[in-house]
Each structure stands twice: as C-alpha cells, then as structure tokens.
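Summary of the model geometry
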Amino acid sequence: TRAAVIRRLAPAVFVAAVGPLAGLAGMAHVMLPGDVRRALRDADRLELLSLSPEWVSKEEAAAAPPGGLFRGWTVLGKASLEGGERGRLRRALWWGAASGLAPAMCFNPRHGIHAEKNGTTTVDVVICFECGQSITWRGADEGNGSSALIGGLFTGDFDRLLREHGVRLAEN
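Residues numbered from 1 in each chain as written. Predicted model: local features only at pLDDT ≥ 70, side-chain atom pairs only at ≥ 80, totals over all residues. Heavy atoms only, no water.

1. Structural notes on the pairing of strand 6 (residues 133-138)
Rules: Pairs of strands are assigned from DSSP output, requiring at least two bridges between the strands. What counts as a helix is a DSSP run of H or I of at least four residues, what counts as a strand is a run of E of at least two, and both are numbered from the N terminus.
Sheet topology places strand 5 (residues 120-128) next to strand 6; six bridges connect them, and they run antiparallel. Paired with Ile127 across the two strands is Ser134, which belongs to strand 6. Turn length for the strand 5-strand 6 hairpin, with the two strands adjacent in sequence and antiparallel, is four residues, and the turn residue Gly132 shows positive phi of about 80°. Strand direction decides the pairing type here: strand 6 and strand 7 (residues 146-149), joined by four bridges, are antiparallel. Within strand 7, the residue paired with Ile135 across the bridge is Ser147.

Structure below.
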C-alpha cells in the first residue's frame, strides 16, 4: 500500500535531507549496516534487554549478578518479542539510527537487543540513548564490535516495550 511505501522510505528521506547538513557540521553519520538490519528482521528469537549502565570488568564478571551479563553490562530484565512488538522495536531502532547526528562523550547503555537465528546468536546491540551511540557485535564475536549513532527520540518506545513485559528499567 501507499502508506507502507511511505513508512519504508521515510528514514531514507530523512537521512537524505539531514545528512548533508550533518556533513557540513563535520559530523559523521553511521547507519546500521544492512547485515545488522537483516539479522534483526530475520531473527527467530528477538529479545529487548534492560541494562544497568555501569560496565562490569572481566574480573568482576566472575561474580555475575542474578540476571547475568550482556556484553559486559548487568541485565536487569529482558523481554522476548513476538509479532507486532518486533516491528515496533525495529521501527524505533531504524528511526533512531536515521536521526543520530551528534554523539556525546559518555557510554551508559540502558538497552540491549539480542537476535538469534536457528539457535545461534546473529547480532547483539548495546544502546546508549543518553549519548546517542550503539555498539553492535555479529555472532559470537568477542572483539570491540562496530559503532553506529542512534538518536534518543525513541527511548520511550524501547521503555514502553520493556514495561509492557514487566521488565524493570535502569534508574537514571
């Protein structure tokens, strides 16, 4: 339908309109790569996680908290997403990635996304809406991951999904 086409093209149109302005201001914009978008779209299992913003070192990880760790951050809770919830998450993430223009210098992530296909991790994303940055790992990669900017306008969408599943959010 026409509305579906407009929804699909809207992020690209936004980036095309704002991107040159960001370039003029000397800001680099990194969209979520296509393989990450496909992995999130095609996942058999998609989880949204609430994270404590304090990073846990490998030495401290030995005494893992009850909720476990996700790429070095304590898991406060998680929600397995199904059907329309997956679409809501992906739309918020796509729009957030399309609107992330100027990162701050912190990294205090409060959200994570875990995707699996056929029982194997395909993508893990850790997101800090406070500074507008995310880190993505592909598969079981234990390296540094790759980064992308993400705008904070869509924090509420992530929080709403977590609250709907009764998941505790990090305190500010």
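2. Here's the deal with the nonpolar core
As a rule of thumb, soluble globular proteins bury nonpolar side chains together. Using the following cut-off: We call a set of buried Ala, Val, Leu, Ile, Met, Phe, Trp, Tyr and Cys residues a nonpolar core when their side-chain atoms join them within 4.5 Å. Relative accessibility thresholds used throughout: buried, under 20% of the residue-type maximum; exposed, over 50%; partly exposed, between the two (1.4 Å probe, protein chains only).
Membership of the largest hydrophobic core comes to 27 residues, with the highest contact counts inside it found for Leu40, Leu48, Leu89, Leu93, Ile113, Ile127 and Phe158. For this core, the elements supplying multiple residues, two or more each, are helix 2 (34-42), strand 1 (45-55), helix 4 (83-99), strand 4 (111-117), strand 5 and helix 5 (155-164). Counting eight residues, the second largest nonpolar core, distinct from the first, contains Phe70, Trp73, Val126 and Ile135.

3. Thoughts on the confidence of the model for the chain
Heads up, the condition is: Scored from 0 to 100, pLDDT reflects the predictor's confidence in each residue. Contacts: residue pairs with any heavy atoms within 4.5 Å of one another.
Overall, the prediction assigns the chain a mean pLDDT of 81, with 81% of residues at 70 or greater. Throughout residues 1-29 the model reports pLDDT below 50, and contacts reaching past four residues in sequence, or to other chains, amount to 22 contacts.

4. What about the pairing of strand 5?
Pairing analysis gives seven bridges linking strand 4 to strand 5, with the strands arranged antiparallel. In the sheet register, His114 faces strand 5, and the bridge partner there is Asp124. Where strand 4 hands over to strand 5, the hairpin turn is made up of two residues, of which Asn118 adopts a positive phi near 55°.

5. A few points about the pattern of salt bridges
The test is simple: For salt bridges, the criterion is a side-chain nitrogen of Lys or Arg within 4 Å of an Asp or Glu carboxyl oxygen.
For the structure shown, the criterion picks out nine salt bridges. We note a salt bridge from Glu116 to Arg45, for which the minimum N-O separation is 3.3 Å. One end of the pair, Glu116, is in strand 4; the other, Arg45, is in strand 1, with 71 residues separating them in the sequence. For Glu116, a relative accessible area of 14% translates into the label buried. Arg45 gets classed as partly exposed once you look at its relative accessible area, which sits at 35%. Of the charged contacts, one joins Asp124 and Arg71 as a salt bridge, the two residues approaching to 3.0 Å between their closest N and O atoms. Within this pair, whereas Asp124 is found in strand 5, its partner Arg71 is found in the loop between strand 2 (69-70) and strand 3 (73-80), the two being separated by 53 residues in sequence. Looking at Asp124, the relative accessible area reads 5%, which means it is buried. A relative accessible area of 19% places Arg71 in the buried class. Linked through salt bridges whose partners overlap, the residues forming this network are Arg45, Glu47 and Glu116.

6. Comments concerning the sheet that holds strand 6
What links the strands of a sheet is backbone hydrogen bonding, and the strands pair in either a parallel or an antiparallel sense. As a reminder, the rule being used: The axes are straight lines fitted to the C-alpha atoms, using for helices just the contacting stretch, and the angles between their N-to-C directions are given from 0 to 180°.
Strands sit in the order 2-3-1-4-5-6-7 across an open sheet of seven strands; the sheet is antiparallel. The open sheet has two free edges, formed respectively by strand 2 and strand 7, since each of these has just one partner strand. Each of strand 1, strand 3, strand 4, strand 5 and strand 7 is contacted by helix 4, which is oriented at about 50° to strand 1, the strand it contacts most.

7. Remarks on the packing of helix 2 against helix 4
Note the cut-off: If an angle is under 35 degrees, it is roughly parallel; if it is over 145, roughly antiparallel; if it lies from 65 to 115, roughly perpendicular; otherwise it is oblique. Helix crossings get a hand from a simple test, with the near helix turned counterclockwise from the far one by less than a right angle marking a left-handed crossing and a clockwise turn marking a right-handed one. Under the convention adopted here, Pro, Cys and the residues Ala, Val, Leu, Ile, Met, Phe, Trp and Tyr are nonpolar, Asp, Glu, Lys and Arg are charged, and Gly plus all remaining residues are polar.
Viewed as axis vectors pointing N to C, helix 2 and helix 4 meet at an angle of 165°, and their least axial separation amounts to 10 Å. By the angle class used here, helix 2 and helix 4 are roughly antiparallel. Regarding helix 2 and helix 4, the two cross each other, and that crossing is right-handed. Facing Arg37, Leu40 and Arg41 of helix 2, the residues of helix 4 in contact are Arg90, Leu93 and Trp94. Looking at side-chain class alone, the contact of helix 2 with helix 4 contains three nonpolar, no polar and three charged residues.

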